[in-house]
Each structure stands twice: as C-alpha cells, then as structure tokens.
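Residues per chain are reported as follows:
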Amino acid sequence: MEPDALSPMADADQKNASEGNRIEEEEQVVNPWEVSAKGGGKIDYDKLVDKFGCQLLNPDLVGRIERLTGRRAHSFLRRGVFFAHRDLNEILDVFEKGEKFYLYTGRGPSSEALHLGHLVPFMFTKYLQDAFKVPLVIQLTDDEKCMWKNLSVEESKRLARENAKDIIACGFDIERTFIFSDFSYVGGAFYENMVRVAKCVTFNKVVGIFGFTPEDHIGKISFPPVQAVPSFPSSFPHLFPRKDNLRCLIPCAIDQDPYFRMTRDVAPRIGYQKPALIESIFFPALQGETGKMSASDPNSAIYVTDSSKDIKNKVNKYAFSGGQDSIENHRKYGANLEVDIPFKYLSFFLEDDVELDHIRKEYGSGRMLTGEVKKRLIEILSEMVERHRSARAAVTDEMVDAFMAVRPLPHMFG
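Residues numbered from 1 in each chain as written. Predicted model: local features only at pLDDT ≥ 70, side-chain atom pairs only at ≥ 80, totals over all residues. Heavy atoms only, no water.

Caption draft 1: Broad picture of the packing of aromatic side chains. Summed over the entire model, instances satisfying the criterion amount to 37 aromatic pairs. Aromatic side chains phenylalanine 223 and tyrosine 259 sit 6.0 Å apart centroid to centroid with 75° between the ring planes, which places their arrangement in the edge-to-face category. Of this pair, phenylalanine 223 sits in the loop between helix 12 (218-222) and helix 13 (224-228) while tyrosine 259 sits in helix 14 (residues 257-266), and the two are 36 residues apart along the sequence. Of the two residues, phenylalanine 223 and tyrosine 259, neither departs from the other in class, the shared state being buried. Aromatic pair phenylalanine 283 and phenylalanine 348: ring centres 4.6 Å apart, planes at 80°, arrangement edge-to-face. Separated by 65 residues along the polypeptide, phenylalanine 283 in the loop between strand 10 (276-280) and helix 15 (308-318) and phenylalanine 348 in helix 17 (residues 341-349) bring together distant segments of the chain. (Phe/Tyr/Trp six-rings, centres within 6.5 Å; stacked < 30°, edge-to-face > 60°. Helix = DSSP H or I, 4+ residues; strand = E, 2+ residues; numbered from the N terminus. Buried < 20%, exposed > 50% of the residue type's maximum accessible area, 1.4 Å probe, protein only.)

Put into structure tokens, the structure is as follows:
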C-alpha cells in the first residue's frame, strides 16, 4: 500500500497501521469485529505481535510495576493474560519521575448483560486504577453498536446504561472515574479532535487498517476517530484542563490494536502524545480456544446473569476437556492442558497461585480427573458471578448518572 500523502516518513506505527489487520494472508483474522483462525484453530499470538508490531510483556516490566506500585502484580499480569504492550516502559518512566498518566478503556454495548470475557479488561483496569491511583475514562461506544449491530439509537443508548451498571459493579472509584456514552458526550473539544484525526487518515489507509469494503456504509468508515480521541487529554477539558501532554495508557484486548495503531500514527502529526497500550489475549469460548467468546451463542459463554445452576450445566456440558477418553488412559497420559478449557478458566480466575499450580501438576499428570477440575471451576465461577450480581443490584440509576456526569474528579490523582 502506498504511504499516506499527508504522512512524513513512516515509523513503525505507520508501517503497521498501513499493513492493517491481514495476518499471514487469511491464516488468521484479528480486528475489532472478527477474531478467527484458519480451520477453526487457535490464534497464534506470536505471529500477531510480530505483524502488529507491538512488544511482548516481559517479567522485568511486571517486576517494575510491582516495585513502583508497592503491590503484587495482578494475576492477569503474572500469568500472561495481559501479554503485549506498546510503550508501557515510557508510562512507567513518567510515573517513576512523579508525573501522572490516565487510563482509557471502553465497552461496545451490544447485549443486555456482560459475559466473563467482557469483565476481564474491567477487572484489570480496576487493578491499574487502584495500584497507580490515576484517573480513568470509560467510553461506551453506543454509536458503534448502533451501526454494526443494526440496533436503534434508542436501544443502543439503553444498553449503554445497562452495561454501565455492570462496569460500575466492578468497583471503580467514582472520584477518579468518568464514564461516557458517545451519543451523549461527543461534541466540543472531543469532536474537534475527531476532525483533526479524520483529516490525517485517507480512505485507502482506513481500508487497509480495518478491512472496510465498498458495501460498508459510511458510518463505519467515519467511526475510528471516535474511538481514537479519548487517547488525548484535550478531549476532556473538564477533567484535564491545560494538561495536553498527559500520557494515556489503554488496557484492552489485542483485537482493538488496529484503532490505536491508527491513533499512534496520527498523534504526533496533530501535536499529541502517542497513547500506550497493554493488551490481553482473548478469553476462550467454552467449546474451545478458537478465538473469543461470542455474545450470539449463549452456550459459548458464562454470563453475569447466569444462576449457579446455569453455570454448573454450562461447564459440565460445554466446557471442552483436555482429559483422556477413559479413566485408564487419563491416569496413564494425563490431561492436555493446552486445550483444556476448565483449566484455562481457572488460570484466569483462581487467585491462589499455589492451588493453581497444584491443579496443573495433578491434572496434567492424570492424578486429578476432569470432573474434579470442573467442580472446582463451578465453585469459583458461581462465587464470582454471585458477588458481581450483588454488587450490580446495588447500582442505582442515580449512581450511573453520577459516574456519567460531566464534572471535575475531586481526587483525580493520588
């Protein structure tokens, strides 16, 4: 693809932005709307990192986060759930010098309730907010889902508020958190930045990054600047007045990387800092690790609205097992932990490292059976979902209004 005529000599971000989301000529497709591997296989994250041009998150960076925050790293960091980054070292440099940064993450509200895969970035973002004591903006892209999911404007706005209740239930600090929906907030300085970004991205480039086709309506093609500009503090003048050089760190799944490759390409050309990213793997479907869970298949996911009975049924019936076809063979050969979904889910949500390592050894050797592992997973998920359901029940419409009110944050830093 020819370089953008408005662009100076391409740096790594521009190169990767231009190459876009085509991975090994359709061996795997990873973009904000589709995650798939050829033949229904697993996503090759090493190829993805190489193609996108981000960096693997190494133990030295994890150790540095622990030293700077004075607390143990989140299990998602220790276990490689968040595994890649862009410029995380620069964010830590800024923090070490006594300067601050802010967090930005988001949610596309397309369903009534969240599944566990949706919760992962919010659980991790809460840890980052608590550990670094920094402000957070959460974007609800109700406009995006209106365009991609063929929802009405009214339904998209309703789902945004419902999803906001699940997000608030994760325990975010209202004095450091601003939640906004695009339909309600876009305008003013935010829209000015959208126009600045839009002028720097040609049609050819946006097609190359996102794979748009002539059949896609122009709303889709015009959307990327909306997700880009929360990376710039000047988009929130009520939060960050005269702080245009404040750095931004974005926790997200790696399928969102195309948006921010584009953003990082454009940022220096319009006088802003590039956002940094910390990116996660995909939370697998119950049926197997072939991408990420699908909200269109209720049996592929555990939802925060599922009862303990629902969870037990889904895990026992649908969770793909890496155990052998008979007890005799299982005792002899052990479980294949590379494909075993109950163990993978425990790797996400079982906080006790000692217990997880015990299960890894016992199950992998065949001394522990699949039924035992599924039983422990059902206990963990039932407790987790019940805690979340109780927290969500306490979230009122008035609380949603308070989180979404355009106001200064009283304890934004520190």
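Caption draft 2: How the structure looks around the nonpolar core. Ranked by size, the top nonpolar core spans 86 residues in total, and within it Leu77, Leu116, Phe132, Leu249, Ile278, Phe349 and Leu381 carry the most contacts. Here the element with the most residues in this core is helix 6 (residues 116-132); it accounts for nine residues. The residues contacting leucine 249, other than those within four sequence positions of it, are Leu88, Ile91, Phe101, Tyr102, Leu103, Tyr104, Leu128, Ala276, Leu277 and Ile278. (Core = buried A, V, L, I, M, F, W, Y, C linked by side-chain atoms within 4.5 Å. Contact = heavy atoms within 4.5 Å.)

Caption draft 3: Broad picture of the pairing of strand 2 (residues 28-31). Both faces of strand 2 are covered, namely the face carrying Gln28 and Val30 and the face carrying Val29 and Asn31. The pairing of strand 2 with strand 3 (residues 34-37) spans four bridges and is classified as antiparallel. In the sheet register, glutamine 28 faces strand 3, and the bridge partner there is alanine 37. Taking the residues that link successive antiparallel strands as the turn, the strand 2-strand 3 hairpin has two residues. (Pairing = 2+ DSSP bridges.)

Caption draft 4: The state of the cysteines, seen in detail. This model, assessed by the stated rule, comprises zero disulfides. Between cysteine 200, a free cysteine, and cysteine 248, which holds the nearest cysteine sulfur, the sulfur-to-sulfur gap is 18 Å. Overall, the relative accessible area of 11% leaves cysteine 200 in the buried class. What makes cysteine 248 buried here is its relative accessible area of 1%. (Disulfide = S-S within 2.5 Å.)

Caption draft 5: The arrangement of the side chain of serine 280 in detail. Tracing the backbone shows serine 280 in strand 10. Those residues in contact with serine 280 that lie beyond four places of it in its chain are Val81, Phe82, Phe83, Cys252, Ala253 and Ile254.

Caption draft 6: The arrangement of the side chain of histidine 118 in detail. The residue histidine 118 is located in helix 6 in this model. Look at histidine 118 and you get buried, because its relative accessible area is 17%. A polar contact is formed between the side chain of histidine 118 and the side chain of arginine 107, at a distance of 3.3 Å. Those residues in contact with histidine 118, other than ones at most four positions away along the chain, are Arg107 and Ser111. (Polar contact = N/O pair within 3.5 Å; in protein donor to acceptor, adjacent residues only side chain to side chain.)

Caption draft 7: Structural view of the packing of helix 17 against helix 19 (residues 370-393). For the pair helix 17 and helix 19, interaxial distance at closest approach is 10 Å and the crossing angle is 40°. Taken together, helix 17 and helix 19 sit at an angle that is classed as oblique. When you trace helix 17 past helix 19, the crossing you get is left-handed. Note on element contacts: helix 19 touches helix 17 through Val373, Lys374, Arg376, Leu377, Ile380, Leu381 and Met384, opposite Pro342, Phe343, Tyr345, Leu346 and Phe349. Classifying every residue of the contact of helix 17 with helix 19 by side-chain character gives ten nonpolar, no polar and two charged. (Axes fitted to C-alpha atoms, helices over the stretch in contact; angles between N-to-C directions. Parallel < 35°, antiparallel > 145°, perpendicular 65-115°, else oblique. Left-handed = near helix turned anticlockwise from the far one by under 90°. Nonpolar A, V, L, I, M, F, W, Y, C, P; charged D, E, K, R; others polar.)

Caption draft 8: Spotlight on the pattern of salt bridges. This structure, assessed with the given rule, holds 31 salt bridges. Put simply, aspartate 87 and arginine 264 hold a salt bridge, and the shortest N to O gap is 2.9 Å. Here the residue aspartate 87 occupies a position in the loop between strand 5 (82-86) and helix 5 (88-96), and arginine 264 occupies one in helix 14, the gap between them amounting to 177 residues. Residue aspartate 87 is classed as buried on the basis of its relative accessible area of 16%. Its relative accessible area of 5% is what places arginine 264 among the buried residues. (Salt bridge = Lys/Arg side-chain N within 4 Å of Asp/Glu carboxyl O.)

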